[in-house]
Amino acid sequence: MWIFAYGSLIFRPDFDFKQRQLARAEGWARRFWQGSTDHRGVPGAPGRVVTLVPEADAHCWGMVYETTDCDALLARLDHRESGGYTRVELPVEVEGRRQPAITWIAAPDNPNYLGPAPLASIAQQVARSTGPSGPNDEYVLRLAQKLDGLGIDDPHVSELAELLR
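Caption draft 1: View of the overall build of the protein chain. When its secondary structure is counted, the protein chain shows five helices and seven strands. From first element to last, N terminus to C terminus, the protein chain shows the α and β order β-α-β-β-α-β-β-α-β-β-α-α. For 165 residues, the compact-globule estimate of 2.2 N^0.38 gives 15 Å, and the C-alpha radius of gyration of the protein chain, at 15 Å, lies within 12% of that figure. By principal-axis analysis of the C-alpha atoms, the protein chain measures approximately 40 × 30 × 30 Å.

Structure (structure tokens):
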């Protein structure tokens, strides 16, 4: 089983895996459009975390993890991603080949979806949000640092991180 990570699972996978590799999801963009009331914010004061949104000419780079602990791992990740995310399978490209992978996407019809906003507004919300998993700006900055270390250019993430520094 393969897990595609594009957010916190990149910098904090917290599960065992056989291998990990860079992967790309075509037709998807990473955006800070999902509200977090269970990890990086609280009810009434949500933080913002990433989701994937369909975008015709976009691609989202992330990590793909090969794992063997299927049922137990899926149960743990379903719980971790329970704040509006739905488990889906999508094809990702790994070293020039297409590989089906499982990921979690927060669609616009979930109750915590916040949608697009000016980046400066997103930065203000992130800067003042904190939740059980820590400050929201930590999430953004750790993701930006990890993407940069992997050589992944994501202007949405890097520009938001720059506003928070």
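Caption draft 2: Molecular detail of the pairing of strand β1 (residues 2-5). Of the two faces of β1, the one holding W2 and F4 and the one holding I3 and A5 are both buried throughout. Bridge count for β1 against strand β3 (residues 47-66) is four bridges, and the pairing is antiparallel. Considered in β3, the bridge of W2 is made with E66.

Caption draft 3: Summary view of the nonpolar core. Ranked by internal contacts, the top residues of the largest apolar core, which has 50 residues, are I3, F4, F32, V92, V140, L143 and L160. No other element matches the nine residues that β3 contributes to this core. Discounting residues that sit within four places of it in the chain, L143 has contacts with Y6, G7, I10, F11, R30, F32, V50 and V157.

Caption draft 4: Spatial organisation of the side chain of N110. Following the sequence through the fold, N110 ends up in the loop between β5 (97-106) and α3 (119-128). Overall, the relative accessible area of 9% leaves N110 in the buried class. At 3.1 Å, the side chain of N110 and the side chain of Q34 are in polar contact. The residues touching N110, leaving out its near neighbours within four places in the chain, are Q34, G83 and G84.

Caption draft 5: Quick look at the side chain of Q21. Assignment of secondary structure puts Q21 in strand β2 (residues 19-36). The exposure class assigned to Q21 is buried, which follows from its relative accessible area of 13%. At a separation of 3.0 Å, a polar atom in the side chain of Q21 contacts the side chain of E95. Setting aside residues no more than four positions away along its own chain, Q21 makes contact with W2, G62, M63, V64, V94, E95 and R97.

Caption draft 6: Expanded view of helix α2 (residues 70-80). Listing the buried residues of α2 in full gives L73, L74, L77 and R80. Seen end-on, α2 carries its buried residues on one side only, within an arc spanning 120 degrees. Across from the buried face of α2, at angles greater than 90 degrees, the exposed residues are D71 and H79. Elements that come into contact with the buried residues of α2 comprise β1, α1 (8-11), β4 (85-94) and β5.

Quick notes on the rules
Residues numbered from 1 in each chain as written. Predicted model: local features only at pLDDT ≥ 70, side-chain atom pairs only at ≥ 80, totals over all residues. Heavy atoms only, no water. Helix = DSSP H or I, 4+ residues; strand = E, 2+ residues; numbered from the N terminus. Rg over C-alpha atoms; globule rule 2.2 N^0.38 Å. Buried < 20%, exposed > 50% of the residue type's maximum accessible area, 1.4 Å probe, protein only. Pairing = 2+ DSSP bridges. Core = buried A, V, L, I, M, F, W, Y, C linked by side-chain atoms within 4.5 Å. Contact = heavy atoms within 4.5 Å. Polar contact = N/O pair within 3.5 Å; in protein donor to acceptor, adjacent residues only side chain to side chain. Arc of directions from axis to C-beta.

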